[in-house]
Amino acid sequence: MTINIKNIKRFALLCTATLALTSCLKDKPFPLYGKQATSPKFDYTYDKTADTLQEKTYTTFLSSNGNYFIQNNQGNTQYNYWPQAHTLDAFTDAYLRTKNDVYKQRMKSLLTGTYKANGNRYENDFYDDMEWLALASLRAYEVTKDADYLTAAKTLWTDIKKGKNDQQGGGIAWNKSKPGYKNTPANAPAIIFAARLYQLEKNQADLDLAKELYTWLKKTLLDGSGIIFDGINSNGDGTIDKNKFTYNQGVYMGAALELYNATGDAAYLTDATNNATATIKDLDISPGGLLKNEGQGDGGLFKGILVRYLTLLTLKEDVPSATRDNYAAFLKYNAETLFAKGIGRPDFMVSPDWKTKPSGTTDLTTQISGLTTIEAAATLKAAGKF
């Protein structure tokens, strides 16, 4: 998704002087943030909270026909394609954590329901949207070995590959009607998918395409600090859109990580850690160490996507232990803040601003972002990272 989100103001920084702040960020960024951890009265029972969030999300957002999850918790029953994929991923998280077959049933119901709600097909007009569903389906296949997921993933992949063209020097388009507009959301998830499919099936063409797309993406949209920009040619003038959305960082580091997993080339892992380190220090993306509020709607999902891929990097033993500890501290601070301040109780709705209780409507996108983060926290805690 590529949207315009109003820039949020930076809130007060932890160090008062600019020089002191620079020193803090350079030397001990995450322990410093950790000192701002939420009240010790909270017992961070991430697994139990994930269970509750799963149930509240399911009962609050499930459509009346049971095929999909609706727009928000206040009566908007609209079907939106791309959050369904992330909901499927969240159910997969729960199944992996609990081995409870109810989540496996919900996974399959959502796959078939999405097919029905989308006009009895998996494909749509947005390449990034299809990539999210392809990724979630491939992951569900790897967990369940249910061939229907692999069929869905490969059906989508066949269509996604048609989006590649030579405009702007390469890459996959964002939208079938705008072949000249290329962006990170339409390319980084495609790289992740292609690298994972290669690891599953060993089709060299998938790995070759992943490498080609990655080379184009890095050359075109990565800035000197390690941050990935949003896109190029959105207005038809060939300029770069320098918005720094959280989810773009997540999928870029995820793309680099998956290419490392597929090839063993340490340069990809270095790219992943360079991006991750730049992301958690960037004051526009994570002011004061807390991932920024990107509103609701599409932006509501962005933080959870970053958390998903940063969690994978944090769990990767090939990353130096001190670096992984820094990532874990950053994720811990964000998870603790969300747990204590950003989740309403007793309804367990999630706020787009993780340091503030929700008020009014909660969108499915915002809810799934929070659910994904709490599931990730449960995984990291179980792994001894928190």
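Residues numbered from 1 in each chain as written. Predicted model: local features only at pLDDT ≥ 70, side-chain atom pairs only at ≥ 80, totals over all residues. Heavy atoms only, no water.

Focus on the overall build of the protein
Part 1: If you tally the helices and strands in the protein, you get 14 helices and four strands.
Part 2: Out of the 386 residues in the protein, the part that is buried amounts to 56%.
Part 3: Summarising the internal contacts of the protein: among those between residues at least 6 apart in sequence, 67% fall at separations of at least 24.
Part 4: Working note: accessible area of the protein is about 15,200 Å², and carbon and sulfur atoms make up 48% of it. (Helix = DSSP H or I, 4+ residues; strand = E, 2+ residues; numbered from the N terminus. Buried < 20%, exposed > 50% of the residue type's maximum accessible area, 1.4 Å probe, protein only. Contact = heavy atoms within 4.5 Å. Areas by Shrake-Rupley, 256 points an atom, 1.4 Å probe, with all protein chains shown as cover.)

Some details on the sheet that holds strand 4 (residues 240–241)
Part 1: Reading across from one edge, 1-2-3-4 is the order of the four strands in this open sheet, with antiparallel pairing throughout. The open sheet has two edge strands with one neighbour each: strand 1 (173–175) and strand 4. (Pairing = 2+ DSSP bridges.)

A word on the pattern of salt bridges
Part 1: With the rule as written, the count across this model stands at 19 salt bridges.
Part 2: Of the charged contacts, one joins D101 and K104 as a salt bridge, the two residues approaching to 3.9 Å between their closest N and O atoms. Here D101 pairs with K104, and both are found in helix 5 (residues 101–117), just three residues apart, close to one helical turn.
Part 3: Taking relative accessible area as the criterion, D101 reaches 40% and is therefore assigned partly exposed.
Part 4: For D282, the salt bridge goes to K244, with nearest N and O atoms at 2.9 Å. Taken together, the residues span a long stretch of sequence, with D282 in the loop between helix 11 (266–281) and helix 12 (302–314) and K244 in the loop between strand 4 and helix 10 (246–263) at a distance of 38 residues. Grouping residues by exposure puts D282 and K244 together as buried.
Part 5: The network of salt bridges with common partners includes D89, D93, R139 and R308. (Salt bridge = Lys/Arg side-chain N within 4 Å of Asp/Glu carboxyl O.)

Some remarks on the layout of surface pockets
Part 1: Here the largest pocket is characterised by a volume of approximately 650 Å³.
Part 2: Residue lining of the largest pocket: 26 residues in total, with D93, R139, R196, R308 and L312 positioned closest to the centre.
Part 3: Those elements that place two or more of their residues in the lining of the largest pocket are helix 4 (81–98), helix 6 (127–144), helix 10, helix 12 and helix 14 (364–382).
Part 4: Top element by residues in the lining of the largest pocket is helix 4. It accounts for six residues.
Part 5: Grouping the amino acids of the lining of the largest pocket by side-chain chemistry returns eleven nonpolar, five polar and ten charged. (1 Å grid on protein atoms, 1.4 Å probe; cavity = no way out; pocket = protein on both sides within 12 Å on 5 of 7 lines; lining within 4 Å. Points joined across faces, edges and corners; volume = space filled by probe spheres on them. Nonpolar A, V, L, I, M, F, W, Y, C, P; charged D, E, K, R; others polar.)

Some thoughts on the pairing of strand 2 (residues 178–183)
Part 1: Judged from the two bridges that link them, strand 1 and strand 2 form a sheet pairing that is antiparallel. In the sheet register, A173 faces strand 2, and the bridge partner there is K182.
Part 2: Once strand 1 ends, the chain turns through two residues before running back antiparallel as strand 2.
Part 3: Note that strand 2 and strand 3 (residues 231–232) share two bridges and pair antiparallel. If you follow K182 over to strand 3, its bridge partner there is I232.

Some remarks on the environment of D51
Part 1: The topology assignment puts D51 in helix 3 (residues 46–61).
Part 2: Along the chain, D51 and I374 lie 323 residues apart, while their C-alpha atoms are 9.6 Å from each other.
Part 3: Of the polar contacts made by the side chain of D51, one reaches the side chain of R97; its length is 3.0 Å. (Polar contact = N/O pair within 3.5 Å; in protein donor to acceptor, adjacent residues only side chain to side chain.)

Quick word on the packing of aromatic side chains
Part 1: In the structure shown here, the tally under the stated rule is 21 aromatic pairs.
Part 2: When the centroid spacing of 5.3 Å and the interplanar angle of 70 degrees are considered together, the rings of Y44 and F339 count as edge-to-face. Taken together, the positions of Y44 in the loop between helix 2 (29–34) and helix 3 and F339 in helix 13 (residues 321–342) put the pair 295 residues apart, joining distant regions of the chain. For the residue pair Y44 and F339, the accessibility class agrees, reading buried in each case.
Part 3: A connected cluster of aromatic rings, assembled from ring pairs, spans W82, W132, F245, Y247 and F302. (Phe/Tyr/Trp six-rings, centres within 6.5 Å; stacked < 30°, edge-to-face > 60°.)

What about the confidence of the model for the protein?
Part 1: In the predicted model, the protein carries a mean pLDDT of 91, and the fraction of residues at 70 or more is 89%.
Part 2: In this model, residues 1–32 is a region of pLDDT below 50 whose contacts with residues beyond four sequence positions or in other chains number 54 contacts.
Part 3: Taken together, the stretch residues 34–39 has pLDDT below 50 and engages in ten contacts with residues farther than four places along the chain or on a different chain. (pLDDT = per-residue confidence, 0-100.)

Quick notes on unusual backbone geometry
Part 1: Geometrically, the link from R345 to P346 is a cis peptide bond, its omega value of 20 degrees lying close to zero.
Part 2: Positive phi values are uncommon outside glycine, yet K145 reaches one of about 65 degrees.
Part 3: Structurally, K145 can be placed in the loop between helix 6 and helix 7 (147–160).
Part 4: What makes K145 exposed here is its relative accessible area of 55%.

Details of helix 4
Part 1: Relative to the 26 Å expected for 18 residues at 1.5 Å per residue, helix 4 spans 27 Å between its end C-alpha atoms, a close match to the ideal helical length.
Part 2: Burial of helix 4 is extensive: 15 of the 18 residues sit out of reach of the surface. (Expected span 1.5 Å × (residues − 1).)

Regarding empty space enclosed by the protein
The probe, sized like a water molecule, is rolled over the atoms to show the empty space still left.
Part 1: Under the counting rule described, the total for this entry stands at two cavities of 30 Å³ or more.
Part 2: For the largest cavity, the full set of lining residues is Y58, L62, G66, N67, F69, R106, S109 and L110.
Part 3: The element contributing the most residues to the lining of the largest cavity is helix 5, with three residues.
Part 4: Residues that form the lining of the largest cavity fall into these classes: four nonpolar, three polar and one charged.
Part 5: For the second largest cavity, the calculated volume is near 30 Å³.
Part 6: If you trace the second largest cavity, you find it lined by H86, L301, G304, I305, R308 and T372.
Part 7: Looking at the lining of the second largest cavity element by element, the count peaks at three residues for helix 12.
Part 8: Partitioning the lining of the second largest cavity into residue classes produces two nonpolar, three polar and one charged.

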